[in-house]
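Structural overview for review
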Amino acid sequence: MDIAAFRKRFPALVDSDSPAYLDNACMTLRPDSVIASINQYYSLNPSCGGRSVHRWGLSVSQTVARTRKKMASHIGAENPSEIIFTPNATHSINQVAHGINWREGDVVITSDREHNSNLVPWLKLAELGVELRTVKSHDDNTFDIENFENICAEVGNKLRMVSLVHVGNLDGVEIPVKTASKIAHDHGAIVHIDGAQSVPHLPVDITDIGCDLLSFCIHKMLGPTGMGVLWGKEHILSELEPICAGGGTVTDADKSGYSLKEIPSRLEGGLGHYAGISGTEAALDFLSNYDMQKFAEQEIRINNIISEGIKNLPNVEIIGPESARERGGICSILLDGIDVQNAGILLDEMDSVFVRSGLHCVNQWFNDKGIEQGSLRASAYAYNNDEDAKRFVDSFSEIIETLSR
Ligand SMILES: Cc1ncc(COP(=O)(O)O)c(C=O)c1O
C-alpha cells in the first residue's frame, strides 16, 4: 500500500503537527469524501427518506437503498433487505437479545473476552430465565474451541444462542468463528457474531463464516458516528420483535393494534440518521478501492514495530499471544506499578501520541484477573505509518523508564 498517498485523504492527518493516532479500536478517522458527503446531505438535500415524495426526499430514499445494497455486498450478503441500519453495534446486539422469543431455561454461550455490549444484553435476560455460560479462553487469550464444544454438548438442547466476538477489542485476538459457527449449528444454536473489530479491518464474508447474525458499527470503519448495522438471515430478522416500534415500522395501526412491515423497515423505528447513511455510503465507496487483506497486513506491520519495541521494557506485559500477527492491529499493555491513565496523558503531552487507557468496556476479563486499572492500548489502522509506531515506542519507553526508577 502507498501509505503516504492514503494518509493524504484524511484531513486529520495532513498537518505537520498531526498526532500519531493509535486509538483506532475506539474510532477511526474519516477520509475527505466521507466528510464531504455528510456536508452535502445537510447543504443539498436535508430531507427524510421513505416518506416525503419531493425531490429531496426521493434523493435520500435512493441513497438509503444504494447504501443498503453496497453494505450487503461488502459483507457478502445477497439480500439488501437483510441489512438493518441501527445507531451502533450495541443497539444491534440489543435488538437481537431483546427481539427473540425466549423460553425459560434457554442458554446463551459467549466468551470470557466480550465487550460489555456482547455481555450485558445477555445478562439482562436472566429475568426471563435465560442462562449465560462463558467459555474460558486459553492462558494466552486464544479461543479454547475444545472447551467451547464441551460446553455446547453439556448444555444440549437448551442451547439457543452462541454470541462471540470475532476480533477482541481487548487484545486483537481473532476467534475461529467459522469452526465455532459449525459447532454451534451442530448443537442447534443460532450464531451471532460481534464484528465491531473485524468488519473494519479484515475481509468479512457472512457466507464463509456461516453465521446467522452479525453486528458492527460504522465509526470504526471510516464512517460517521451514530451508525451501526445488524445483518441477519431473512427468516431470523423477520421473527425478531422490534425493540423500537412506531414511525416507519408499521403497515397500519389503530386503537386496537398494529401490523408490522417487512424487514428492514420493521426494525428501523423512527426517522433515520440520513447524514450518517450518506457518510456510510461514502465510506463503503472509499473502502471498495482497497483490498481489506492489505489493511490487515499493514496493521500487523505497525503492531509488530510497537510490540517488538516495548516488549522488553520493565513492568510491561502485552496481553495475548507474543506474535503481533495473532493480535492484528492491537497492542494492549498491562503496566505494573504505573498508572495507565497517567501514561496515556503523558503520551499525548510528550509527542501527541493518542492511545486509549482503561478497561476498554471489557470489565469481565479484567475483573477475572483482578486488574483494576485496565491496560494501555495502542490500536492501528491502515493509515498508520512506521513513524507513528516509532513515536509510540520512543515516548512510551521514556515514560516507562522514568516512572520505573
Ligand atoms: C468488540 C466490540 N463490540 C462492541 C462494541 C460496541 O460498539 P458500539 O459503540 O458501536 O455500540 C465495541 C466498541 O468498542 C467493540 O469493540
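Residues numbered from 1 in each chain as written. Predicted model: local features only at pLDDT ≥ 70, side-chain atom pairs only at ≥ 80, totals over all residues.

A look at the sheet that holds strand E4 (residues 131-135)
How we decide: A pair of strands counts as paired when DSSP detects no fewer than two bridges linking them. Where helices and strands are cited, they refer to DSSP runs of H or I of at least four residues and of E of at least two residues respectively, numbered from the N terminus. Orientation is described by axes fitted as lines to C-alpha atoms, over the contacting stretch for helices, and by angles from 0 to 180 degrees between their N-to-C directions.
If you walk across this open sheet you meet the seven strands as E2-E8-E7-E6-E5-E3-E4, and the pairing is mixed. Across the chains shown, the open sheet's two edge strands, defined by having one partner strand only, are strand E2 (83-86) and E4. Recorded for the sheet is a direction-independent mean angle of 20 degrees between the axes of neighbouring strands. Where strand E3 (residues 107-111) meets strand E5 (residues 159-165), three bridges bridge the pair, whose relative direction is parallel. Opposite valine 108, over in E5, you have methionine 161 as the bridge partner.

Quick word on the sheet that holds strand E14 (residues 356-358)
We apply this condition: The contact rule is simple: place each C-beta atom from the backbone, and if two of them lie within 7 Å, those residues are in contact.
Reading across from one edge, E11-E12-E15-E14 is the order of the four strands in this open sheet, with antiparallel pairing throughout. Each edge of the open sheet carries a strand with a single partner, namely strand E11 (316-318) and E14. On average, adjacent strands in this sheet sit at an angle of 25 degrees to one another, irrespective of strand direction. Against the sheet, helix H11 (residues 292-310) contacts E11, strand E12 (330-335) and strand E15 (375-379), and its axis sits at roughly 25 degrees relative to E12.

Details of the pairing of E2
Under the convention used in this document: Residues with at least 20 neighbouring C-beta atoms inside 10 Å of their own are called buried, those with 12 or fewer are called exposed, and the rest are partly exposed, where every C-beta is derived from the backbone.
Side-chain alternation along E2 places Ile83 and Phe85 on one buried face and Ile84 and Thr86 on a second face that is also buried. Inspection of the sheet shows E2 paired to strand E8 (residues 228-232) by four bridges, in the antiparallel sense. Bridged to isoleucine 84 within E8 is leucine 230.

Some points on the domain arrangement of the protein
Going by this rule: Domain delimitation in this document rests on an assignment produced automatically or drawn from a domain database. Note on residue categories: nonpolar means Ala, Val, Leu, Ile, Met, Phe, Trp, Tyr, Cys or Pro, charged means Asp, Glu, Lys or Arg, and polar means any other residue, Gly included.
Taken domain by domain, the protein comprises domain 1 (3-30 + 291-403) and domain 2 (34-287). Spacing between the C-alpha centres of domain 1 and domain 2 amounts to 27 Å. Each partner contributes to the interface: domain 1 provides 26 residues, whereas domain 2 provides 28 residues. Of the residues forming the side of domain 1 that touches domain 2, the biggest block, five residues, is contributed by H11. Partitioning the side of domain 1 that touches domain 2 into residue classes produces 12 nonpolar, nine polar and five charged.

Description of helix H2 (residues 32-44)
Which entries qualify depends on this criterion: Multiplying 1.5 Å by the residue count of a helix minus one yields the expected span of that helix. Arc definition: directions from the helix axis to the C-beta atoms.
Along its 13 residues, H2 runs 17 Å from first to last C-alpha, staying within 8% of the 18 Å computed at 1.5 Å per residue. Residues of H2 that are buried include every one of Val34, Ser37, Ile38 and Tyr41, and no others. Considered in projection along H2, the buried side chains sweep an arc of 100 degrees and stay on one side of the axis. Away from its buried face by more than 90 degrees, H2 exposes Ser43 and Leu44. Structurally, H2 contributes buried residues whose contacts are with helix H10 (274-287).

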